[in-house]
Amino acid sequence: IVAKLGKDSKNTGIIVQLPLPKKLNTQDVLNRIPPEKDVDILSSAAFGTFTLGYSKILPPTVAAIATLLKGQSLKGKKVVVVGAGRLVGIPTSIWLLQEQAQVSIIDKATKDKTTLFKQADIIISGVGKKNLIKGSMIKRGAIVVDAGTSVENGTASGDVDFTSVVAKAKAVTPVPGGV
């Protein structure tokens, strides 16, 4: 179905809603989207083109973060990306490297998270763990972009403890309503 839709000239963009049923090979389905119609940049071909810096399309979350950071010079900035997921962490890190930022990725295996957070000019998080980042963890004047969402009891929360971070950060995005 995805390949057929991709060949139809009436369709200019295709999004496959994830997750797919376990009986389907997700990457195989995503790879059937023609790269020029892959709005999410999740097919291997579209992601490869993006990684090499040739894509005319930015992954949606990266595009939103780029819009939020518009006007900020990223060259040489120390940026910490929390999480290495396919939707936020990996594509955001690649884009930041293309923008000549100094990028550190924090994941479960990272040993010295505290030092990385305290040195970061910009922190971007997308792991979906409520209140993971607190104001005491960041340096004064940092920009904090919260692209993570978790839902508990019908209430959406971000990775950032907004109340403690907003008192210390130059700017912070809310969840919901930010990225």
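Conventions we followed
Residues numbered from 1 in each chain as written. Predicted model: local features only at pLDDT ≥ 70, side-chain atom pairs only at ≥ 80, totals over all residues. Heavy atoms only, no water. Helix = DSSP H or I, 4+ residues; strand = E, 2+ residues; numbered from the N terminus. Buried < 20%, exposed > 50% of the residue type's maximum accessible area, 1.4 Å probe, protein only. Pairing = 2+ DSSP bridges. Contact = heavy atoms within 4.5 Å. Axes fitted to C-alpha atoms, helices over the stretch in contact; angles between N-to-C directions. Phe/Tyr/Trp six-rings, centres within 6.5 Å; stacked < 30°, edge-to-face > 60°. Lys NZ or Arg CZ within 6 Å of the ring centre and 35° of its normal.

K.L.:
Honestly, the side chain of Ser-125 in this entry has me stumped. Any pointers?
P.N.:
Position of Ser-125 relative to the elements: it lies in strand β3 (residues 122-125). Classification of Ser-125 by relative accessible area gives buried; the value is 0%.

K.L.:
I tried to follow the sheet that holds strand β2 (residues 102-106) on my own but got confused; where do I start?
P.N.:
Adjacent strands of a sheet pair through backbone hydrogen bonds, lying either parallel or antiparallel. Reading across from one edge, β2-β1-β3-β4-β7 is the order of the five strands in this open sheet, with parallel pairing throughout. With partners counted over all chains shown, the strands left at the sheet margins are β2 and β7 (171-172), one partner each. Where strand β1 (residues 78-82) meets β3, four bridges bridge the pair, whose relative direction is parallel. Looking at the pairing, Val-79 lines up with Ile-122 of β3. Each of β1, β2 and β3 is contacted by helix α5 (residues 89-98), which is oriented at about 165° to β1, the strand it contacts most.

K.L.:
What is the right way to look at the packing of aromatic side chains in this model?
P.N.:
How two aromatic rings sit relative to each other is set out by the distance from centre to centre and by the angle between their planes. One pass over the full model with this rule turns up one aromatic pair. With centroids separated by 6.1 Å and ring planes inclined at 50°, the aromatic side chains of Phe-47 and Phe-50 adopt a geometry described as tilted. Of this pair, Phe-47 and Phe-50 both sit in helix α3 (residues 44-51), three residues apart, which is roughly one turn of that helix. Judged by relative accessible area, which is 2%, Phe-50 ranks as buried. The side chain of Arg-86 reaches across the aromatic face of Phe-47, ending 4.5 Å from its centre.

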